[in-house]
Amino acid sequence: MTANVAVETTPEVPLWNDPAHSVATRVSALIDAMTTEEKIAQLYGVWVGASDEGGEVAPHQHDMEEAVDLDALLPAGLGQLTRPFGTAPVDPALGALSLARTQARITAANRFGIPALAHEECLAGFAAWGATAYPVPLSWGATFDPDLIRRMAAAIGRDMRSVGVHQGLAPVLDVVRDARWGRVEETIGEDPYLVGSIGTAYVQGLESAGIVATLKHFAGYSASRAGRNLAPASIGPRERADILLPPFEMAVREGGARSVMHAYTDTDGVPSAADEALLTGLLRDTWGFEGTVVADYFGIAFLKTLHGVAGDWAEAAGTALTAGVDVELPTVKTFGEPLAEAVRAGRVPEEVVDRALRRVLTQKAMLGLLDADWNPLPPALADADPDDPDALRGTIDLDTPENRALARTVAEEAVVLLANDGTLPLDRPRRIALVGPNATEPTAVLGCYSFPLHVGVHHPGTPVGIGLPTLGDTLAREFPDAELTIVPGTGVDDGDVFGIPEAVQAARRADVVVAVLGDRAGLFGRGTSGEGCDAESLALPGAQQQLLDALLDTGTPVVTVLLAGRPYALGRATTEAAAIVQSFFPGAEGTAALAGVLSGRTNPSGRLPVSVPRGPGSQPSTYLGARLAHASEVSSIDPTPAFGFGHGLSYTSFDWSDLAVEADRAPTDGEFRLALTVRNTGERHGTEVVQLYLHDPVASVVQPVQRLVGYTRVPLAPGEARRVRVTVPADLASFTGRDGRRVVEPGELELRLAASSTDPRLTATVTLTGPARHVDHTRAFHAAFGQEPAGQDPTGQGPSGRDEAPQE
């Protein structure tokens, strides 16, 4: 290591740099030695961009903030570096070197040699140039496979950690309440148990790699009125407690998340960034969270500019800090000189600053950033020569074959077959008409927080950095003997109908039409899905429905493929299309996964994480509705979905039978034990997803008609059967009662074993006995599933989720 990235040390190691002492002791000693300005400097970040030449990072110029003078800031120290890799395209090795040199500069500039904590986005993979683009979170939910998502997160975390990143701003644990909201693609689904179980697995994977996982957005962001971004959240305390908070409870308690990001929205007039009852009373005092609370970007300043609950920057800073926000992101605004002046003037007690500082320094100590032997060079540069940047270029691969294989597995498991009249899988068609705006668009598989669409679009002369085969490319490889005619027909949202006649002609000449429709991800109006890209209705954007209807009129079988960030109403196609295949921005390997499903190389096993509406205007609506939220004779609006939550078809068939209930009565602190047999009655391997729903017919407060309380994937060979056993704790029947406390009430329940929320297969009627029992965040969250063989497998091939054909 050369001097330009070295950190000077002295023979005498200060107590705070000595790992032989406890973290608490080290942090206390460091706080005692710091000035007010040095303390506050640890509580904000600076938005930077790494140098593609390996030099130090440069402050990012953002239209919402004035320029930052690093030379003036660094003598006091610096808490965080915001998105050094995710701000501009930079070769990963040179970005890592740039970050290391900047860290050396930061440590050399402040009295205590404290480096900054670097954070990045990782909603669909590490948001860096050249890094693997994985499926978006809505696809994670479609897998119903926490183990797979845990593996994916661990891989993402290892890549981030290897180049010097410490914190990832994911997962999003918002529960979908209105599918018109632009950020639906960033969520995991419309059910709190699915969101919590999949999101917690992601947290566990990220944390296992040494990355600080950041839960967002706490809390209520997805419940904004009319699905508008940043609109007020129209929720009562019971909806907040029973729908929106459980995923965060689970991820804090079971996931070990070390950071939480507050939401932008206000609930009943109180912005989340100013909500002391939420950020301190609930999160810390009740749930026991010990990590850091970070601001959503510019969120503290928004207390003045958007919410109007602060008169100046100092008041905004003091309000957020008192509420429990520890770190201002993305860059210094209110936590800089305005906060320092407020402390000096006695407007903000220094004890509040110390409280936040203790959390920040504790986290840095646990990451090794305070240790005397800390080295700014990250693991990926351990054997590199930092004095030869040109030799480093191209030496770090963030898109490895192992990453791509994992990305494809997630994409394959996330594909949902919504409808099929037997046309799929395609049987060697001679002529395929590939129609639609997403048929040949490479970025149609990416969400708005993928690097190419989040950052790369601002650098049009820079290569995308990763391979993005179109569906046209992968279908040509999947069906090498077929004649493939490609016609866009229309754009995603331009309303152009002039290409529809050509598409109709191609359809009439073809044996099958593959219509590839959906979204274009973007930010703040630059797309049809993504942050700030909210929809007025759930009709397909632009003229896509007109194109689809025209194709249906040809009489040629139409396979509708959706590459989208939200569910859309499909009109006539719901009943007239030969097949419908739903994919939620499946990432770089998404088109290969789709081609495999269309050909039958892969047997689909994905299930809907959000309901697909029958009509475009029935929002907001989710399956988690009380009786009055469902179709009735007193309203002309029917919210019944075309395809319900949890729905998904297979190329094989399954039989469910032999339900057994060990005991149909249990105390309110007890449990029920059920068992059923699932058999593959078809001719090929497949995976059934057994879903467990709870129906509470009589409760002290209105309940959803049903809610998911458990699920398990059951892979089966042809003819194979498995006995699936499930233990259901009484805690899963709990809800927030009239007094605001969570309660398990005695009474009759239905435990519905179902293939989806609209397809119950077996129902057990059980009864909870004894007194009502109050529970809290330490309650049981999960039903326990187990599987064992229940019959002979005549093929002798064993269980598998897809045919064991060679992959591309």
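Located above this text is the structure these notes cover.
Residues numbered from 1 in each chain as written. Predicted model: local features only at pLDDT ≥ 70, side-chain atom pairs only at ≥ 80, totals over all residues. Heavy atoms only, no water.

A.B. asks: Any details on the sheet that holds strand β28 (residues 784-789)? Residues and values, ideally.
C.D. replies: On the basis of which strands lie adjacent, the open sheet formed by 4 strands has the order β17-β19-β22-β28 and antiparallel pairing. Of all strands in the sheet, those with a lone pairing partner are β17 (654-661) and β28, marking the two edges. Between one strand axis and the next, the sheet turns by 20° as a mean value, whatever way the strands run. Examined bridge by bridge, strand β19 (residues 671-680) and strand β22 (residues 721-729) share 9 bridges and lie antiparallel to one another. Directly across from L676, in β22, lies its bridge partner V724. (Pairing = 2+ DSSP bridges. Helix = DSSP H or I, 4+ residues; strand = E, 2+ residues; numbered from the N terminus. Axes fitted to C-alpha atoms, helices over the stretch in contact; angles between N-to-C directions.)

A.B. asks: Let's hear about the side chain of E531: which residues, and what values?
C.D. replies: Mapping E531 onto the fold places it in the loop between β14 (512-518) and α20 (544-553). At 3.2 Å, the side chain of E531 and the side chain of R183 are in polar contact. (Polar contact = N/O pair within 3.5 Å; in protein donor to acceptor, adjacent residues only side chain to side chain.)

A.B. asks: Quick one: what's the story with the packing of helix α12 (residues 313-323) against helix α13 (residues 337-344), residue by residue and with numbers?
C.D. replies: It is the contact of α12 with α13, at a shortest axis distance of 8 Å, that shows an interaxial angle of 80°. Taken together, the axis directions place α12 and α13 in an arrangement best described as roughly perpendicular. Every residue of α13 that contacts α12 at W313, A314, A317 and L321 is listed here: P338, L339 and A342. Residues of the contact of α12 with α13, tallied by class, amount to 7 nonpolar, no polar and no charged. (Parallel < 35°, antiparallel > 145°, perpendicular 65-115°, else oblique. Contact = heavy atoms within 4.5 Å. Nonpolar A, V, L, I, M, F, W, Y, C, P; charged D, E, K, R; others polar.)

A.B. asks: Explain the sheet that holds strand β23 (residues 735-736) to me, and be specific about the residues and the numbers.
C.D. replies: One open sheet holds the 3 strands; their spatial order is β23-β24-β27, and the pairing between them is antiparallel. Each having just a single partner strand, β23 and β27 (773-774) make up the two edges of the open sheet. Examined bridge by bridge, strand β24 (residues 742-744) and β27 share 2 bridges and lie antiparallel to one another. Residue pairing across strands places V743 opposite H774, the latter belonging to β27.

A.B. asks: Account for helix α4 (residues 92-109), with residues named and values stated.
C.D. replies: If you check α4, its first and last C-alpha atoms are 26 Å apart, about what 18 residues at 1.5 Å a residue would give, namely 26 Å. Counting buried positions along α4 yields 15 of 18 residues, so the element is predominantly enclosed. The distance from a side-chain oxygen at the start of α4 to the backbone nitrogen of A93 is 3.0 Å, and the residue carrying that oxygen is D91. (Expected span 1.5 Å × (residues − 1). Buried < 20%, exposed > 50% of the residue type's maximum accessible area, 1.4 Å probe, protein only.)

A.B. asks: Give me α13: which residues, what numbers.
C.D. replies: Those residues of α13 that fall on the buried side of the exposure criterion are P338, L339, A340, A342 and V343. Contacts made by the buried residues of α13 are with α2 (36-41), α12 and α14 (350-366). Directly beyond the C-terminal end of α13, a positive phi value near 80° is found at G346.

A.B. asks: Account for the pattern of salt bridges, naming residues and giving values.
C.D. replies: When the charged atoms of two side chains lie near each other, side chains of opposite charge can form a pair. Under the defined criterion, the tally for this structure stands at 40 salt bridges. For R105, the salt bridge identified is with D71, shortest N-O distance 2.5 Å. Placement of R105 in helix α4 and of D71 in helix α3 (residues 70-73) is noted, with a sequence separation of 34 residues between them. Relative accessible area serves as the criterion here: at 23%, R105 is assigned to the partly exposed category. E688 is the partner of R607 in a salt bridge, and the nearest nitrogen-oxygen pair spans 2.9 Å. Separated by 81 residues along the polypeptide, R607 in the loop between α22 (590-599) and β17 and E688 in strand β20 (residues 686-695) bring together distant segments of the chain. (Salt bridge = Lys/Arg side-chain N within 4 Å of Asp/Glu carboxyl O.)

A.B. asks: How would you summarise the nonpolar core if you had to cite specific residues and measurements?
C.D. replies: With 222 residues, the main nonpolar core has F126, Y202 and F218 as its most contacted residues. Residues contacting F218, with those up to four places away along its chain left out, are L245, F248, V260, M261, H262, A263, S272, L278, L279, L282, L283 and W287. Membership of the second largest hydrophobic core comes to 30 residues, among which are A666, A733, V744 and L751. (Core = buried A, V, L, I, M, F, W, Y, C linked by side-chain atoms within 4.5 Å.)

Any functional reading would require information that these geometric values do not contain.
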